[in-house]
Amino acid sequence: MPRNLVLPLFALLAFVGCTHQVRPSPAPMSNAGTPLALRARYFISPEQKARIDSDSYFVLGAGHTWNITIGEGLTRSFPQMMGTVFQSVQEASSPDDMGDADVLIVPEIQYFDVNGGGFVSQLKLTVRSRGTQDAIQVSDLIEGESQKSKAASAWLGGASAGQEALRQSTELAFEDVMPKVATRLRAIFAKTQAKASPGVL
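Because the structure is predicted, anything quoted here is derived from the model rather than measured.

Draft legend 1. A look at the sheet that holds strand β4 (residues 65–68). Spatially, the three strands line up as an open sheet ordered β1-β4-β3, and their pairing is mixed. Unpaired on one side and paired on the other, β1 (19–22) and β3 (53–55) mark the two borders of the sheet. In this sheet, adjacent strand axes meet at a mean angle of 20° when their direction is disregarded. Relative to β4, β3 runs antiparallel, the two being bridged by three bridges. In the sheet register, D53 faces β4, and the bridge partner there is I68.

Right, here's the structure in full:
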């Protein structure tokens, strides 16, 4: 091969890079208090379950694409968090399927980004309860706060450490947001539950 083609070809291969899959597995949330005596259902849409955040990061190597399965992170962490708040938790078949539950909750990732060991996340929470006319209806936006100091060092390793860096940052995002969701849910239902019998809001 002519020498004048070797360097351009090498440069092209360097920028082509690879596509990497990052599958976060957030740590389970610890129980914080006695579960509310309510039966809860949750619905995560197929689109949310399959959601992937794809991006490229110069610090992790030009030409590399990182597919972060944030939908899997939500599917893992949300039901487990629910189990720390309510006495029983089941998955609903649709966003209107309350079945015999007292509460139906639909989470939706509105925005998600990780970079430099930090993160920005926004989780929309739609809450309904059984009552005369679904007495409680709440739609909240829960935001995660950046914690760069906990994972930033992993970003210094470039592409070789990219998967670990992104995995850690993504897991921190979910581990930051889920306790906030649990706190919000307890605030919504605790006072109401004290005035009602279990199963009736």
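Additional details are given in the paragraphs that follow.
Draft legend 2. Quick peek at the pairing of β4. The pairing of β1 with β4 spans four bridges and is classified as parallel. By the bridge assignment, Q21 is partnered in β4 with N67.

Draft legend 3. Spatial organisation of the nonpolar core. Counting residues in each nonpolar core, the largest one holds 38 residues, and the members touching the most others are F78, M81, F86 and L185. Broken down by secondary-structure element, the contributors of at least two residues to this core are β2 (36–42), β4, α3 (70–83), β6 (103–115), β7 (118–129) and α5 (159–194). Beyond its immediate chain neighbours, meaning those up to four positions away, F86 contacts P35, L36, L38, A40, V103, I105, L185 and F189. In this structure, F43, A92, M98 and V106 belong to the second largest nonpolar core, which totals five residues.

Draft legend 4. Looking closely at the side chain of T170. Counting through the fold element by element, T170 comes out in helix α5. Of note is the side chain of T170, whose polar atom sits 2.8 Å from the backbone oxygen of L166. Ignoring sequence-local partners within four residues, the contact set of T170 consists of P24, I68, I70, F112 and V114.

Rules used throughout
Residue numbers here run from 1 along each chain, matching the order of that chain's written sequence. Local features are withheld for residues below a pLDDT of 70 in this predicted model, meaning they are given only at 70 or higher, and side-chain atom pairs are given and counted only at 80 or more; totals for whole chains, interfaces and linings count all residues. Water and hydrogen atoms play no part in the side-chain values, which are based on all heavy atoms of the structure. Pairing between two strands requires that DSSP report at least two bridges joining them. Comment: elements are numbered from the N terminus, with helices defined as DSSP H or I runs of at least four residues and strands as E runs of at least two. In this analysis an axis means a line fitted to C-alpha atoms, helices contributing only their contacting stretch, and an angle means the value between N-to-C directions, from 0 to 180 degrees. By nonpolar core we mean a set of buried residues, namely Ala, Val, Leu, Ile, Met, Phe, Trp, Tyr and Cys, connected to one another through side-chain atoms within 4.5 Å. Note on exposure labels: buried denotes an accessible area under 20% of the residue type's maximum, exposed denotes more than 50%, and partly exposed covers the range between, all computed with a 1.4 Å probe on protein chains only. Note on contacts: a residue pair qualifies if any of its non-hydrogen atoms lie within 4.5 Å across the two residues. We define a polar contact as two N or O atoms separated by no more than 3.5 Å, with the added condition that, inside protein, one atom must be a possible hydrogen donor and the other a possible acceptor, whereas residues neighbouring each other in sequence contribute only through side-chain atom pairs.

So yeah, pure geometry; function would need other evidence.
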